[in-house]
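# Topology and contacts: notes
The chain contents come next:
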Amino acid sequence: MKCGVVVFPGSNCDHDCFHILKHVFKIDTEWIWHKGDVDLSRFDLVVLPGGYSYGDYLRAGAIAKFSSVMKEVVRFANSGRMVLGICNGFQVLVESGLLPGALIQNHTQKFVCKTVSIRVENVSTPFSCECVGKTVLDIPIAHHQGNYFIDSDGLHQLVDNQQIVFRYSGPEGEVIDQYNPNGSVDNIAGIVNEDKNVMGLMPHPERCADPAWPNLDGQLIFKSIIYSLQHGVLL
Amino acid sequence: MIAKIHITFKNGVLDPQGKAVHHALKDLGYNEVSEIQMGKYLKLKMDGVSREEAENRVTEMCEKLFANTVIESYRFTLETAK
């Protein structure tokens, strides 16, 4: 099993993702620089980490989608292999059209940085299968443009295809406005594509996956991915 | 050719900046303002293209890069560079 962590100019959670995959889960992990000749064929998972790729100029993720690496990531995803986009990575995924919708400024106009509860809405994805029996995860968020938008037709499609994986909630899993930190439509925190091999989420699982910290809820997402790759859940 | 491009949120998409500015205007007493749309403005200088070419090229640029048509709409005007 081989994982790659993409590095854009402005990525700043790349080392966290790399550390969790390589040192906590002991997976063969490599950096993937954003330009030049990019060959992703040796990877099983590509992670687009958080940060401010290309300074978030124009719109978050708007410039990154034209990078050499993203052309290959689109091809990689379309061939059925797993792509995980966290925070800015999620923004890049929606901008490149690998996931539907868009991420706009938080309704509060403020950068929000805190630990939130998210309810697991679907455990039948390769990114969440290890969450069985655990309905609510506590995971940090840190973003200014995490307000997920999709029109009502698009939302129906997401619901019908069970593409919503995580929703912001209260500690008991209450999905209500009070626990919506950024104004996202339907409290959406993370979604998958129709084929369920691409996931984007605003919360940062890599920030709560190292046993040095008391909160390890983020591990469930990485464990799900590893389980799926090992057992060929995707295939 | 000079292209002047305006990009704004589509109807129905929350515009938090517009809302915040609207609140501030109300605080200042400008109660006649019922709505504000905030957006982006880009000005492009293009060389060696006809008006028709410029129209097509700028439309392409807006669709590909300047606007995210999931949430934003765009409009532009073209004028001859002086």
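What you see is a predicted model, and the numbers here were worked out from it, not measured in a lab.

### Here's the deal with the sheet that holds strand β9 (residues 164-169) of chain A
Residues and elements named next belong to chain A. Within the open sheet, the 9 strands sit side by side as β2-β1-β3-β4-β11-β10-β9-β6-β7. Their pairing is mixed. Strand pairing shows two members of the sheet lacking a second neighbour, β2 (28-33) and β7 (136-143), which therefore form its edges. When strand polarity is set aside, the average angle formed by the axes of neighbouring strands in this sheet is 25°. One ladder, built from 4 bridges, connects strand β3 (residues 45-48) with strand β4 (residues 82-86); its direction is parallel. Along β4, the bridge assignment pairs leucine 45 with methionine 82. Against the sheet, helix α1 (residues 14-24) engages β1 (2-7), β2 and β3, with an angle of about 170° to β1.

### Considerations on unusual backbone geometry
Phi is mostly negative for residues that are not glycine, and the peptide bonds are mostly trans. Residue and element names in this part refer to chain A. A positive phi angle is found at tyrosine 54, which is not glycine, with a value near 50°. Exposure remark for tyrosine 54: the 22 C-beta atoms within 10 Å place this residue in the buried category. Here lysine 196, not a glycine, exhibits a phi torsion of approximately 65°, which is positive. Here lysine 196 shows up in the loop between β10 (188-192) and β11 (198-201).

### What about the environment of Trp213(A)?
Looking at where Trp213(A) falls in the secondary structure, it is placed in the loop between β11 and α5 (219-231). Put simply, Trp213(A) and Ser128(A) are 85 residues apart on the chain and 21 Å apart in space, counted from C-alpha to C-alpha.

### Re the interface of chain A and chain B
A common way to express how large an interface is: the accessible area buried when the components associate. Every contact between the two is made by 12 residues of chain A and, on the other side, 9 residues of chain B. Within the side of chain A that touches chain B, the residues separate by chemical class into 4 nonpolar, 6 polar and 2 charged.

### Quick look at the environment of Val175(A)
All names here are of chain A. Along the chain, valine 175 falls in the loop between β9 and β10. Taking the number of C-beta atoms within 10 Å as the measure of exposure, valine 175 has 18 and is therefore partly exposed. Sequence spacing of valine 175 and isoleucine 118 is 57 residues, and the spatial spacing of their C-alpha atoms is 8.7 Å. Setting aside residues no more than four positions away along its own chain, valine 175 makes contact with Arg119, Arg167, Ser169 and Asn187.

### Section: the sheet that holds strand β1 (residues 2-9) of chain B
All names here are of chain B. Within the open sheet, the 3 strands sit side by side as β2-β1-β3. Their pairing is antiparallel. At either end of the open sheet lies a strand with only one pairing partner, and these are β2 (39-45) and β3 (72-79). Each adjacent strand pair in this sheet contributes to an overall mean axis angle of 15°, direction not counted. Here β1 runs beside β2; their pairing, made up of 7 bridges, is antiparallel. Bridged to isoleucine 2 within β2 is lysine 45.

### Comments concerning α1(A)
All names here are of chain A. When we look at burial in α1, the residues that qualify are Asp14, Asp16, Cys17, Phe18, Ile20 and Leu21. On its buried face, α1 sits against β1, β2, β3 and α5. Of the residues trailing α1, lysine 26 is marked for its positive phi of about 55°.

Calculation rules
Residues numbered from 1 in each chain as written. Chains lettered and ligands numbered in written order. Predicted model: local features only at pLDDT ≥ 70, side-chain atom pairs only at ≥ 80, totals over all residues. Pairing = 2+ DSSP bridges. Helix = DSSP H or I, 4+ residues; strand = E, 2+ residues; numbered from the N terminus. Axes fitted to C-alpha atoms, helices over the stretch in contact; angles between N-to-C directions. Contact = placed C-beta atoms within 7 Å. Buried ≥ 20, exposed ≤ 12 C-beta atoms within 10 Å, placed from the backbone. Nonpolar A, V, L, I, M, F, W, Y, C, P; charged D, E, K, R; others polar.

Read these as spatial facts, not as claims about activity.
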